[in-house]
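# A look at the structure
These are the residues of each chain, in order.
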Amino acid sequence: MIGQVDEVVVNCQDPSALARFWSAVLGGEPVDRNEAWSFVDPPGWTRLAFQKVPEPKHGRNRLHIDVLVDDVPEATVAAIALGAVKVGATHSDSVGTFQVLLDPEGNEWCVVRPVTATN
């Protein structure tokens, strides 16, 4: 082992806005360190930080966050109310259900409900 995850950093145009969006999705208080760096510490997870970069997002993410929820359609509606955008239809199969979403800067993420998840 080399080390442990300290934080997950997302390059973006508006760190403060994304910290507030993800705080509403995952919990925790958004913190603005300065205009180029904001973060949120979601309960039970590592820090999610947002770093300002000059270029806009291009193409698809190579990494995305899956957010475990009790009800995928209900969570999808709530996420859209916060500024997320729904991508395609809800997917369901023998292992569970998920919905692809975009955050306000177009970063892909999913709300998920595995069949094995318990309430």
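Preceding this section is the structure that the text describes.
Residues numbered from 1 in each chain as written. Predicted model: local features only at pLDDT ≥ 70, side-chain atom pairs only at ≥ 80, totals over all residues. Heavy atoms only, no water.

### Considerations on the nonpolar core
With 19 residues, the main nonpolar core has Trp 22, Leu 48, Phe 50, Trp 109 and Val 111 as its most contacted residues. For this core, the elements supplying multiple residues, two or more each, are β1 (7-12), α1 (15-26), β4 (47-52), β5 (65-68), α2 (72-82) and β8 (108-114). In terms of residue count, the dominant contributor to this core is α1 (four residues). (Core = buried A, V, L, I, M, F, W, Y, C linked by side-chain atoms within 4.5 Å. Buried < 20%, exposed > 50% of the residue type's maximum accessible area, 1.4 Å probe, protein only. Helix = DSSP H or I, 4+ residues; strand = E, 2+ residues; numbered from the N terminus.)

### A word on the pattern of salt bridges
For side chains of opposite charge, pairing can occur when their charged atoms come near one another. Under the criterion given, the structure shown has four salt bridges. Here Asp 32 ties to Arg 20 by a salt bridge, and the two come within 2.9 Å at their closest N and O atoms. Placement of Asp 32 in strand β2 (residues 30-34) and of Arg 20 in helix α1 is noted, with a sequence separation of 12 residues between them. Using a relative accessible area of 35% as the deciding quantity, one classes Asp 32 as partly exposed. (Salt bridge = Lys/Arg side-chain N within 4 Å of Asp/Glu carboxyl O.)

### Digging into the packing of aromatic side chains
For the structure shown, the criterion picks out three aromatic pairs. Aromatic pair Phe 21 and Trp 22: ring centres 5.4 Å apart, planes at 90 degrees, arrangement edge-to-face. An identical accessibility class is assigned to Phe 21 and Trp 22; each is buried. Centre to centre, the rings of Phe 21 and Trp 109 are 6.0 Å apart; their planes meet at 80 degrees, and the pair counts as edge-to-face. Residue Phe 21 is found in helix α1, and its partner Trp 109 is found in strand β8; the two are separated by 88 residues along the sequence. In this structure Phe 21 comes out as buried when scored by relative accessible area, which is 5%. Here the aromatic residues Phe 21, Trp 22 and Trp 109 are joined through ring pairs into a cluster of three or more. Between the NZ or CZ atom of Arg 47 and the centre of the ring of Phe 39, over which it lies, the distance is 3.6 Å. (Phe/Tyr/Trp six-rings, centres within 6.5 Å; stacked < 30°, edge-to-face > 60°. Lys NZ or Arg CZ within 6 Å of the ring centre and 35° of its normal.)

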